[in-house]
Amino acid sequence: MKRSVLSLSRATGRFTSGARVLPSFLITGAQRCGTTSLYRALAQHPLLLKPVLHKGVHYFDVAYGRGLAWYQAHFPLWVGTALLHHRYGTRAQAYESSPYYLFHPLAGERIAADLPGVKLIVLVRDPVERAFSAHAHELARGYETESHFEYAVELEAQRLAGAEELLRASPYALHHSHRHHAYLARGRYADQLDRLEPLIGRERILVLDSHRFFAEPETVYDRVLDFLGVPHLGYPAFERHNGRALPRRVPQVLGRALRDHFEAYDARLTRWLGGEPSWRR
């Protein structure tokens, strides 16, 4: 029944896509960095409108071949946003959250072409913790077959070899390991942000330290609203979503080696965060 309802809703959305808004901002990643928690906190603001059906549309990474009308079908109708504008005196903004956008080699180019003026929000966390959390997440979902994190890390370079070249050469191709096994590569945040900067513009990209978001949610929430130009109408209920209890800690020796690996990448985050990442202090 749920599948039938979703199918009917998508069909209705496609039929009315021309009467629907496109997003003004996107939460583009990083995976396992609190994107769902921020998404749900922002959804409690009456002027911030999430997709009609589900959090992540994944248009600019794995569904780009479906076309812009398909994407637009996921968002609210213009008439609803006009009523909100009349009520609050400020434009309502639609958004979505797809954390693979940050890592996919073509997503930034597609976003820049189809959503001129869009703003991007990126959350980052300790990349060692992120990698360990991502492995547990993919293992639980059945996308990872190697139960030992250490071995999965060893396999990563082999699994991802040629993935970006394939995705660029065949724009609608999918690469399982690029999406599900990039434990270290996704934590090299600076590389991904530097790729976005000339496409989107530094002033339209907000990078947040997710450790600070969970420690001081009100402060970070205020910063997001200021970035979006949205009035403050009270604080939402801040909750953690999609958290997953880890079976064990990162082995100490491996943790030190990975922290050394990420040191140069973390240093390059300083200009994006306005200071040293919290996990390096």
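Quick caveat, the model's predicted, so the values are computed rather than measured.

Caption draft 1: Just the side chain of Thr81, in detail. In this structure, Thr81 sits in helix 4 (residues 78-88). Those residues in contact with Thr81 that sit more than four places away from it in its chain are Val21, Leu49 and Ala92.

Caption draft 2: Main features of the packing of aromatic side chains. Within this structure, the stated rule accounts for 16 aromatic pairs. Taken together, a centroid distance of 5.0 Å and an interplanar angle of 80° make the contact between Phe132 and Phe149 edge-to-face. Here Phe149 lies in helix 7 (residues 149-160) and Phe132 lies in helix 6 (residues 127-141), a separation of 17 residues in the sequence. As far as burial versus exposure is concerned, Phe132 and Phe149 are alike and both buried. Taken together through their ring pairs, the aromatic side chains of Tyr59, Phe60, Tyr64, Trp70, Tyr71, Phe75 and Tyr101 make up a single cluster. When the ring centre of Phe227 is taken as reference, the NZ or CZ atom of Lys119 above it lies at 5.0 Å.

Caption draft 3: Quick peek at a nonpolar patch on the surface. A cluster of nonpolar residues, Leu77, Val79 and Leu83, forms a patch on the protein surface that exposes about 280 Å² of accessible area. Take Val79: its relative accessible area is 55%, and that puts it in the exposed class.

Caption draft 4: Structural detail: the side chain of His180. Within the element layout of this structure, His180 appears in helix 9 (residues 176-180). Contact partners of His180, with chain neighbours within four places excluded, come to Glu138, Arg141 and Tyr143.

Caption draft 5: Region of the structure containing the packing of helix 5 (residues 107-114) against helix 10 (residues 189-200). Look at helix 5 against helix 10: their axes get within 9 Å of each other, and the N-to-C directions meet at 20°. Here helix 10 runs roughly parallel to helix 5, going by the angle between their axes. Judged by the sense of rotation from one axis to the other, the crossing of helix 5 with helix 10 is right-handed. Contact residues: helix 5 offers Gly108, Glu109, Ile111 and Ala112, while helix 10 offers Leu196, Leu199 and Ile200. Taken together, the residues that form the contact of helix 5 with helix 10 break down as five nonpolar, one polar and one charged.

Caption draft 6: Just the sheet that holds strand 2 (residues 48-49), in detail. If you trace the five strands from one edge of the open sheet to the other, you get 2-3-1-4-5, paired in parallel fashion. Each having just a single partner strand, strand 2 and strand 5 (205-209) make up the two edges of the open sheet. Sheet topology places strand 1 (residues 25-29) next to strand 4 (residues 119-124); four bridges connect them, and they run parallel. Looking at the pairing, Ile27 lines up with Ile121 of strand 4. On the sheet, helix 2 (residues 35-42) packs against strand 1, strand 2, strand 3 (93-97), strand 4 and strand 5 and is oriented at approximately 160° with respect to strand 1. Contacts from helix 12 (residues 217-228) reach strand 1, strand 2, strand 3, strand 4 and strand 5 within the one sheet, and its direction differs from that of strand 5 by about 180°.

Conventions and cut-offs
- Each chain carries its own residue numbering, running from 1 in the direction its sequence is written.
- Whole-chain, interface and lining totals are the exception, using all residues; otherwise, since this is a predicted model, local features are given only for residues with pLDDT of at least 70 and side-chain atom pairs are given and counted only at 80 or more.
- Values shown for side chains rest on all heavy atoms present in the structure; no hydrogens or waters enter the calculation.
- For the purposes of this entry, the term helix denotes a DSSP run of H or I that reaches at least four residues, the term strand denotes a run of E that reaches at least two, and both are numbered from the N terminus.
- Any two residues having at least one pair of non-hydrogen atoms within 4.5 Å are treated as being in contact.
- Between the rings of Phe, Tyr and Trp (Trp by its six-membered ring), a pair exists once the centres lie within 6.5 Å; its type follows the angle of the planes, with under 30 degrees stacked, over 60 edge-to-face, and the other angles tilted.
- We call a residue buried when its accessible area falls under 20% of the maximum for its residue type, exposed when it is over 50%, and partly exposed in between, using a 1.4 Å probe and counting protein chains only.
- Note on criteria: charge over ring means Lys NZ or Arg CZ within 6 Å of the ring centre, with the direction from the centre no more than 35 degrees off the ring normal.
- Nonpolar side chains (Val, Leu, Ile, Met, Phe, Trp, Tyr) within 5 Å and like charges within 9 Å form the patches, drawn only from residues with over 30% relative accessible area and no salt bridge.
- For accessible areas, the Shrake-Rupley method is used with a probe of radius 1.4 Å. Any residue's cover is judged against the shown protein chains and nothing else.
- For this analysis, a salt bridge means a side-chain nitrogen from Lys or Arg found within 4 Å of a carboxyl oxygen belonging to Asp or Glu.
- Only C-alpha atoms enter the line fits that serve as axes; for helices the fit covers just the stretch in contact. Angles between N-to-C directions range over 0 to 180 degrees.
- Throughout this description, any angle smaller than 35 degrees is read as roughly parallel, any larger than 145 degrees as roughly antiparallel, any in the 65 to 115 degree range as roughly perpendicular, and the remainder as oblique.
- Two helices crossing with the near one rotated counterclockwise from the far one by less than a right angle form a left-handed crossing, whereas a clockwise rotation gives a right-handed crossing.
- In the scheme used here, Gly and all other residues not listed as nonpolar or charged are polar, with Ala, Val, Leu, Ile, Met, Phe, Trp, Tyr, Cys and Pro taken as nonpolar and Asp, Glu, Lys and Arg as charged.
- When DSSP finds two or more bridges between a pair of strands, those strands are recorded as paired.

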